[in-house]
Amino acid sequence: MACGVPVLATAVGGLRRWSFHGETGFLTPKGDVEAMIAHGLRLLRDGALQARMGDAAARRALEFAADRIVPRYEQVYEDVLRD
């Protein structure tokens, strides 16, 4: 995502929280190979869709940049230590 590449993955684990189906790429049910192929071909055939999703993926990845996340963790630690 940070490289501006749309996600094409199974909808299992933590990925569902970071990637939005139809916005930053496509998530398919585990084992649904046909859907995965269809989504991949759609991205390959539609350059505008690929670019739009790639841009959205890169923007989403920025939300997890260290300069944004580390201060949030530090605040949690400070809050815990105060109590």
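Calculation notes
- Residues numbered from 1 in each chain as written.
- Predicted model: local features only at pLDDT ≥ 70, side-chain atom pairs only at ≥ 80, totals over all residues.
- Heavy atoms only, no water.
- Salt bridge = Lys/Arg side-chain N within 4 Å of Asp/Glu carboxyl O.
- Buried < 20%, exposed > 50% of the residue type's maximum accessible area, 1.4 Å probe, protein only.
- Helix = DSSP H or I, 4+ residues; strand = E, 2+ residues; numbered from the N terminus.
- Contact = heavy atoms within 4.5 Å.
- Axes fitted to C-alpha atoms, helices over the stretch in contact; angles between N-to-C directions.
- Parallel < 35°, antiparallel > 145°, perpendicular 65-115°, else oblique.
- Nonpolar A, V, L, I, M, F, W, Y, C, P; charged D, E, K, R; others polar.

S.K.: I'm lost on the pattern of salt bridges in this one. Help?
M.R.: Between side chains of opposite charge, pairing is possible as soon as their charged atoms come close. In the structure shown here, the tally under the stated rule is three salt bridges. Two residues, Glu63 and Arg60, come together in a salt bridge whose shortest N-O distance is 2.5 Å. For Arg60, a relative accessible area of 12% translates into the label buried. In this structure, Arg82 and Glu78 form a salt bridge, with 3.5 Å as the shortest nitrogen-oxygen distance. Placement of both Arg82 and Glu78 in helix H4 (residues 66–82) is noted, with a separation of four residues, approximately one turn of the helix. Under the relative-accessibility criterion, Arg82 is labelled exposed at 58%.

S.K.: Just checking my understanding: could you explain the side chain of His39 for this structure?
M.R.: Along the polypeptide, His39 turns up in helix H2 (residues 33–45). On the basis of relative accessibility, which here comes to 17%, the residue His39 falls in the buried class. If we skip the residues at most four places from it in the chain, His39 touches Leu8, His21, Phe26 and Thr28.

S.K.: Looking at this structure, I do not really get the packing of H2 against helix H3 (residues 47–62). What am I missing?
M.R.: For any two helices packed against each other, the geometry is given by the interaxial angle and the distance between the axes. It is at 5 Å that the axes of H2 and H3 come closest, and there the two elements cross at 100°. Classified by the interaxial angle, the pair formed by H2 and H3 is roughly perpendicular. When H2 is examined against H3, the residues Arg42, Leu43 and Arg45 are found in contact with a partner set consisting of Gly47, Leu49, Gln50 and Met53. Along the lines of polarity and charge, the residues of the contact of H2 with H3 split into three nonpolar, two polar and two charged.

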